[in-house]
Amino acid sequence: MPDVPTKASCPPPSFDEAKNRRQRARAAGMDPNYWYAVGRSADLRKGQVMATRFWGQDIAVFRGEDGRLRAVEDRCAHRHIKLSTGEVVGCRLVCPYHGWEHDGDGNVKIPHDLFGRPEPRLRIRSVPVKERYGLVFIFPGDPQLATVRDVPTIPELEGDDPWPHAIVQFDCEGHFSMLLENVSDFTHGFLHRKYQPFYGQDLLRLDVHEDRVEVEYATKVAAGRLQDAFVRRLPTDRNRMVACYDYPYHWSNTDDRIKHFLFTLPKDERSNRHIFIFYLHPDGMKLPGVPGRLPRPVLKAMMAFARKFTLEPLLGQDVWVIGHEQEGWDAHHDKPAPELSPVVKAFQDLTIRKWREHLERTGGSDLVRVRPCRPSSGAEAGT
Ligand code: FES
Ligand SMILES: [Fe+2]
């Protein structure tokens, strides 16, 4: 009787412990010195706070009554309660316990009796934050670099007449590398056989640049019946697609008419947020029987329809399968996983190299993994 495969006896290896490419990719983090999208602007109104996370660092983003966004580490300076459990008063984030107030620069004001002591000068870390394309971005790394490096430019979404677009946001229980590989590995068309966002996967080109891996497929884009009905066949050439891992982002382009941009937020080793913006040239959309360019409100309504009935269910399939891929990884990371696609290997190499470079620059090691620590005998008593 053949042996029943047993689960690995230990958790997946850390980046330092990894012995092969896949193990390294599945343990890598992302370089914090980029802008990362954490959510939609519309979900953070005046007076609201949002809890987010970047590779194990908890961050609270809030919008003051003046409409401006601010972000600080999600930790009250007093007893380290999460500030995101508190409330925004004016332009400060107030802890729910003793009411200590934290401004967007991380300065702290104590509102209660100081028992005759001078007010201590306390400060928590603040995080650069900005908005663009209807999204909220944070810069979790060195704040000085936040002014040097910007959110990527998407010209089609700028100006008074941006292309019709749809934002799809979802949280995924799996390492971020799994989804990044998924979006450029067209061999998983089987999973999407009901919606058929692409059909066929002949790899025409795989170019590896410094911080970019660009691929081109011969594939029928928007092949499903519903998409076919709403995407104008001419003049768009829907038989090829270029996709790119443009570290740490991902985008695709079909004939300069159908595009997407993907922002990935690696919260920790097993939990991520992905925010897609899909955008179509206004001349690339049609309503059966209606000639010419469609009015803007109609295009907007069509994108909302596409989001609800095609994009969200389609990406829901990826979220579902990646949850299972993570489960499989946790249980069987010690077994071989044959990788046939050169695209996946190239993506993993880029993820690994960028993380290694970050660790070498900072002298850090695996930041997110919590390791048991022994209390020191001379631990200081709190005051
Ligand atoms: S724990 Fe936050 S004010 Fe005391
Ligand atoms: Fe997919």
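Further up the page is the structure itself.
Draft legend 1. Here's a closer look at the pattern of salt bridges. Within the structure shown, the criterion is met by 32 salt bridges. When the shortest N-O distance is used, the salt bridge between arginine 240 and glutamate 216 registers 3.3 Å. Of this pair, arginine 240 sits in strand E14 (residues 240–246) while glutamate 216 is found in strand E13 (residues 212–221), placing the two residues 24 residues apart along the sequence. Residue arginine 270 is joined to aspartate 330 by a salt bridge in which the shortest nitrogen-to-oxygen separation is 2.8 Å. Separated by 60 residues along the polypeptide, arginine 270 in the loop between strand E16 (258–268) and strand E17 (271–280) and aspartate 330 in helix H4 (residues 296–332) bring together distant segments of the chain. One connected set of salt bridges, linked through shared partners, spans Arg205, Asp207, Arg212, Glu214, Glu216 and Arg240.

Draft legend 2. Broad picture of the packing of helix H2 (residues 176–184) against helix H5 (residues 342–362). Closest axis-to-axis distance for the H2/H5 pair is 9 Å, and the angle between their directions is 140°. One way to sum up the angle between H2 and H5 is to call them oblique. Every pair of crossing elements has a handedness; the one defined by H2 and H5 is right-handed. Two secondary-structure elements touch here, H2 through Phe176, Leu180, Glu181 and Ser184 and H5 through Val343, Val344, Phe347, Gln348 and Thr351. Split into classes, the residues belonging to the contact of H2 with H5 amount to 5 nonpolar, 3 polar and 1 charged.

Draft legend 3. Summary view of the packing of aromatic side chains. A full pass over the atoms with the stated rule returns 16 aromatic pairs. Here the aromatic rings of tyrosine 34 and tyrosine 247 are separated by 5.5 Å at their centres, their planes lie at 70°, and the arrangement is edge-to-face. In this pair, tyrosine 34 sits in the loop between helix H1 (21–27) and strand E1 (36–40) while tyrosine 247 sits in the loop between E14 and strand E15 (249–254), placing the two residues 213 residues apart along the sequence. With respect to burial, tyrosine 34 and tyrosine 247 carry one shared label: buried. With 4.9 Å between their ring centres and 40° between their planes, tyrosine 245 and phenylalanine 347 make a pair best called tilted. Here phenylalanine 347 lies in helix H5 and tyrosine 245 lies in strand E14, a separation of 102 residues in the sequence.

Draft legend 4. Quick look at a nonpolar patch on the surface. There is a patch of nonpolar side chains on the surface, built from Leu203, Leu206 and Val208 and spanning about 230 Å² of accessible area. Looking at where leucine 206 falls in the secondary structure, it is placed in strand E12 (residues 198–208).

Draft legend 5. Region of the structure containing the coordination of the iron ion (ligand 2). Within the first shell, the iron ion (ligand 2) binds the protein through His188 (NE2), His192 (NE2), Asp318 (OD) and Asp318 (OD), at distances of 2.1 to 2.4 Å. One can describe the donor arrangement at the iron ion (ligand 2) as irregular, given that its 4 donor atoms subtend angles of 55 to 153° at the metal. Ordering the donors of the iron ion (ligand 2) by residue number gives the pattern H-x3-H-x125-D.

Draft legend 6. Summary view of H5. Counted at 1.5 Å a residue, the expected span for H5 with its 21 residues is 30 Å, and the 30 Å between its end C-alpha atoms agrees. Those residues of H5 that sit buried are Val343, Val344, Ala346, Phe347, Gln348, Leu350, Thr351, Ile352, Lys354, Trp355, His358 and Leu359. Taken from the residues just after H5, glycine 363 is the one with a positive phi, measuring 70°.

Draft legend 7. Here's a closer look at the environment of glutamine 144. Among the secondary structure elements, glutamine 144 is positioned in the loop between strand E10 (135–138) and strand E11 (165–172). According to the relative accessible area criterion, glutamine 144 is exposed, its value standing at 64%. For the pair glutamine 144 and proline 128, spaced 16 residues apart in sequence, the C-alpha separation works out to 9.4 Å.

Draft legend 8. Molecular detail of the sheet that holds strand E7 (residues 101–102). Ordered by their spatial adjacency, 4 strands build an open sheet running E5-E6-E7-E8, and the pairing between neighbours is antiparallel. One side of each edge strand has no neighbouring strand; the edge strands of this open sheet are strand E5 (87–89) and strand E8 (108–109). Here E5 runs beside strand E6 (residues 92–94); their pairing, made up of 3 bridges, is antiparallel. Counterpart to valine 88 in the pairing with E6 is leucine 93.

Each value, and the rule that gives it
Residues numbered from 1 in each chain as written. Chains lettered and ligands numbered in written order. Predicted model: local features only at pLDDT ≥ 70, side-chain atom pairs only at ≥ 80, totals over all residues. Heavy atoms only, no water. Salt bridge = Lys/Arg side-chain N within 4 Å of Asp/Glu carboxyl O. Helix = DSSP H or I, 4+ residues; strand = E, 2+ residues; numbered from the N terminus. Axes fitted to C-alpha atoms, helices over the stretch in contact; angles between N-to-C directions. Parallel < 35°, antiparallel > 145°, perpendicular 65-115°, else oblique. Left-handed = near helix turned anticlockwise from the far one by under 90°. Contact = heavy atoms within 4.5 Å. Nonpolar A, V, L, I, M, F, W, Y, C, P; charged D, E, K, R; others polar. Phe/Tyr/Trp six-rings, centres within 6.5 Å; stacked < 30°, edge-to-face > 60°. Buried < 20%, exposed > 50% of the residue type's maximum accessible area, 1.4 Å probe, protein only. Patch = residues over 30% accessible without salt bridge, like charges linked within 9 Å, V, L, I, M, F, W, Y side chains within 5 Å. Areas by Shrake-Rupley, 256 points an atom, 1.4 Å probe, with all protein chains shown as cover. Donors = N, O, S within 2.8 Å, 3.2 Å for Na, K, Ca; no water. Tetrahedral: all angles 85-135°; square planar, octahedral: opposite > 155°, others 65-115°. Expected span 1.5 Å × (residues − 1). Pairing = 2+ DSSP bridges.

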